[in-house]
Amino acid sequence: MHRCGLLTSSKVPVPLKSISVDVTIRGFVADVVSELQYQNEEKNPVEATFVFPLDDEAAVYAFEGLIGGTRIEAQIREKKQAEQEYEDALSEGRQAFLLEREENTSDIFMCNLGNLPPGEEATLKLRYVQALVVEPDDAVRFVLPAVLNPRYVPAAGSEGSTVFQQIPRVSKEALPYTLSLSAKVESPYGINRVDSKCSLTQNISEDRTAAQVSLAKGHQFDRDVELLIYYEDVHKTSAILETGKSGAAPGSLMGDPALLLSLYPNIPAAKAGQCVPGEFIFLLDRSGSMGNTLGNSFGSQSRIESAKETLIFLLKSLPLGCYFNIYGFGSTFDSFYPQSVKYTQQTMDTSVQRVKELRCDLGGTEIIKPLKAIYSQPCFEGHPRQIFVFTDGEVSNTNEVIAEVRHNSHFHRCFSFGIGEGASTALVKGIARAAGGSAEFITGKERMQAKALQSLKKALQPAVTGISLSWELPSGLEAKLVGSGPQFIFQGQRCLIYAQIQGQLQTSGSMEGTAVVRYNFQNETPTETTKFSFQFEKTDRLPVHRLAAQVLLQELEEDKEKVEEKRVLALETSLSSGVVCSQTAYVGVNMELGKPVQGPLIHRNVPLPVLMGSSGVMVRRRLGSSHKIKRDIHDYSAECLGASMCHNQQAANSVHGTYFGSQPLGSQFLNLGAKRCAVPQMKVEVRKSLHPAKDTNRSSSRTKEEESPLLKLVSLQNANGSWPHGPALAAILDLSEAEISGKAPAHVASDIWATVLAVLWLHLNAAEQKNEWELLEGKAVHWLQVNAGDQLAKCVNAGNEVLGSRVGPQVFGL
């Protein structure tokens, strides 16, 4: 009998009953305790594997269980040893649990709980610490990922399916387990407020230095849980100092005090319209799943259409004289030009037209080959290379991709965008961090255009460079950086610096130190001084030490040089710090069990929501004594697949009429609303369109008809920032060409008049999307200031009268 990989109900008992999360947030650091509560309601012992996502910068450092009243502290081991201990325990009938990281990525963890006796309860407690990012509006963002989408595995060199293809799905209303979250926020500089897209209850202290926040009851598993924390002085440099771990060797990372220095400089924006040299390369995911909708609501824009609109905005916002190219990737890749071309009116027009014709027709998601092709191209002297990567998925060789980016980081910067709820944080954040850029994630109803244009704005901004640190420490102490340290900081980017305090530290009295940060910015050399105190309280949680170890582990695992030496050092660092890496895992065994657990071991699914995903459990078959998740693909029932999709008409239609990719792949992606699900082609009949080209063109024409007036106006803009006078512009302005010409001030050139009207229209009709068009407006205003001269003021007054707007002259620099 076939085992069904997609479920529509939860009739089979599910051992996981609840997830509770407790968070302490201090500055840019979150310390998290997550409890998974299980209960076996069956007559036989069960084993479950819980698969859940974490941020790639999260450092898992402790794992314990409470089974049958017995507390079991898991020990970190070399991964193969941990897996063998777990297997041996299960074969002996002992209760055991195992926590390990997915082999090829740093943002997926698997928690195995085995031999839970009938009628018994178990609680598994996971601890991790995480560095937090800053949003464009200066909010510090904590996110509890609730999504684990299936992810593509390249056909070449892969062993078959991964855990992502084996995870069962149900509607979010049918989930048999609950989620609760409580967070404490602390800041000596004050807390303005805490926001979230989820319903919260919160209480901020009178002095505003602490806040208690809880997730409201009834939270649905249809989105990530995020907290947006607004501090009163977020740009102020701060420091956290921790005493070393008790019993750890002095001179080691864990034995010495560790310091975290948080930098978030307030960098002023460059002037609009400035010509900035550079080479801008856009790398777009064109895999089949990009045809899915970006949001949840019916009729939402597809990911590929949103990406195409975003590329048009980006192209229109580039400065004259720069160089650019556009690549698409899937199982294969292509590019608009053999190498980057100069940004001119002709190359811009050609590229915009080609962007409008793009399709998600390149199969899977393999990014390493196009990256290598880009890196093989010589750079243009005086034009620093900046790459923008857009993807909605994951690759099986995440670490290899990150290593390739880091290897070439000395001559380029990378901005990355994760599209949809299933994009890998390890991939998206990893390549951005490796090349000194920034990472953004577009989920729900967020507009990709806004975040991409904000990143382009960063790419066109001067950065803080030449960062140097000096320390004023008590006699006999010195600070040693952990990791390579920052080379530069971009606008809107926070930077965390870790240092190990070495030397003889007195254990009583009060001691203070000072960190002095100097950097270069626009021919100036600002200096920031931050004082910190040496504290002597002992704690086992040590969030700063764990994060410092995580930074060191990431660099060691991504570095291509001296691979064996770095591997050994990474293993030692992981074992001594307790932070899980690709070589280690946590294992716990109940040694106090009086007699072996009796009966056949039953495997149960803890499912995921269909619409937007969540953490969940997969089923694995045991072959021999190996616990490793088997790579053979589960058989899927076409009947069950169809049933699981019936709640979503668009998804159901996709089974009958949509074929992603130009050629058969090892695993095809079917459109599941906002979800991507990998289904083996050999097991599910997918009827291809008889005329895929016609279907594609029909989709294109429908999209073209629904093109927004804003996109139409942006598409008309010239490369130099001006707008041409003509019927297309008149239609958008809802005026005739004769009316436009007749109301123009005397002796004003038609393109100057048209450009003023276009800018006024943007303020009148698209003010809410200003962050998407402010760069191209800057080009237009700069062009007007150069070409309109004294006529500009009277053009603005006349234009306001024609359009009925009230845009002030300051918009035009008057």
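Residues numbered from 1 in each chain as written. Predicted model: local features only at pLDDT ≥ 70, side-chain atom pairs only at ≥ 80, totals over all residues. Heavy atoms only, no water.

The name given to the chain in an unreviewed UniProt entry is von Willebrand factor A domain-containing protein 5A-like isoform X1, with Pantherophis guttatus as the source organism.

S.K.: So what's going on with the confidence of the model for the chain? Residues and values would help.
M.R.: The pLDDT averaged across the chain works out to 78; a share of 78% of its residues lies at or above 70. Across the chain, the secondary-structure element scoring lowest on mean pLDDT is strand E37 (residues 667-672), at 27, and the one scoring highest is strand E6 (residues 75-78), at 96. Counting contacts from residues 1-10, a segment whose pLDDT is below 50, to residues more than four positions away or on other chains yields 32 contacts. Counted against residues more than four places away or in other chains, residues 610-705, with its pLDDT under 50, gives 229 contacts. (pLDDT = per-residue confidence, 0-100. Helix = DSSP H or I, 4+ residues; strand = E, 2+ residues; numbered from the N terminus. Contact = heavy atoms within 4.5 Å.)

S.K.: Describe the sheet that holds strand E17 (residues 225-231), naming the residues involved and giving the relevant values.
M.R.: Strands sit in the order E10-E11-E17-E14 across an open sheet of 4 strands; the sheet is antiparallel. Bordering the open sheet on either side are strand E10 (133-134) and strand E14 (191-195), each of which pairs with just one other strand. Pairing geometry for E10 and strand E11 (residues 140-144), over 2 bridges, is antiparallel. Note that in E11 the partner of valine 133 across the bridge is arginine 141. (Pairing = 2+ DSSP bridges.)

S.K.: I'd like to hear about unusual backbone geometry, residue by residue, with values.
M.R.: A positive phi angle, close to 60 degrees, is found at aspartate 734, a residue other than glycine. Among the secondary structure elements, aspartate 734 is positioned in the loop between helix H14 (727-733) and helix H15 (737-742). Positive phi, close to 65 degrees, is recorded for histidine 747, a residue that is not glycine. Structurally, histidine 747 can be placed in the loop between H15 and helix H16 (750-765).

S.K.: Account for the pairing of strand E20 (residues 279-285), with residues named and values stated.
M.R.: Within E20, 7 of the 7 residues are buried, leaving the element largely enclosed by the surrounding structure. Residues Glu279, Ile281, Leu283 and Asp285 line one face of E20 and the alternating positions Phe280, Phe282 and Leu284 line the opposite face, and both faces are buried. Pairing of E20 with strand E24 (residues 385-391), which is carried by 6 bridges, proceeds in the parallel orientation. Within the sheet, the bridge partner assigned to isoleucine 281 lies in E24 and is isoleucine 387. (Buried < 20%, exposed > 50% of the residue type's maximum accessible area, 1.4 Å probe, protein only.)

S.K.: I'd like a rundown of the nonpolar core, residues and numbers included.
M.R.: Ranked by size, the top nonpolar core spans 78 residues in total, and within it Phe280, Leu318, Phe388, Phe390, Leu456, Trp723 and Phe812 carry the most contacts. With 10 residues, H16 is the single largest residue contributor to this core. Mapping this core onto the domain boundaries places at least three of its residues in each of domain 3 (279-460) and domain 4 (711-812). Beyond its immediate sequence surroundings of up to four residues, phenylalanine 280 is in contact with Leu318, Pro319, Cys322, Tyr323, Phe324, Asn325, Gln386, Phe388, Leu456, Ala459 and Leu460. Counting residues in each nonpolar core, the second largest holds 77 residues, with Val29, Tyr61, Ala183 and Leu556 among its members. (Core = buried A, V, L, I, M, F, W, Y, C linked by side-chain atoms within 4.5 Å. Domains from an automatic or database assignment.)

S.K.: Tell me about the packing of helix H4 (residues 368-376) against helix H5 (residues 398-407), and name the residues and values.
M.R.: At a closest axis distance of 10 Å, the pairing of H4 and H5 adopts a crossing angle of 10 degrees. By the angle between their directions, the pair H4 and H5 is classed as roughly parallel. Residues Ile368, Leu371, Lys372 and Tyr375 of H4 form the contact with H5, whose participating residues are Glu400, Val401, Glu404 and Val405. (Axes fitted to C-alpha atoms, helices over the stretch in contact; angles between N-to-C directions. Parallel < 35°, antiparallel > 145°, perpendicular 65-115°, else oblique.)

S.K.: I'd like a rundown of the sheet that holds strand E28 (residues 477-482), residues and numbers included.
M.R.: Strand order in the open sheet formed by 4 strands is E18-E19-E30-E28, with antiparallel pairing between adjacent strands. Strands at the two margins of the open sheet, each flanked by one partner only, are strand E18 (238-242) and E28. Averaged over all neighbouring strand pairs, the angle between strand axes comes to 25 degrees, with direction disregarded. Bridging between E28 and strand E30 (residues 495-503) involves 6 bridges; their strand directions are antiparallel. Residue pairing in the sheet places leucine 477 in a bridge with glycine 503 of E30.

S.K.: I'd like to hear about the environment of leucine 253, residue by residue, with values.
M.R.: Turning to its location among the elements, leucine 253 is positioned in the loop between E18 and strand E19 (258-263). Accessibility expressed as a relative area gives 15% for leucine 253, which makes it buried. Taking the C-alpha atoms as reference, leucine 253 lies 6.5 Å from glutamine 500; in sequence the two are 247 residues apart. In this view, leucine 253 contacts Val482, Gln500, His545, Ala548 and Ala549; residues no more than four positions away in its chain are not counted.

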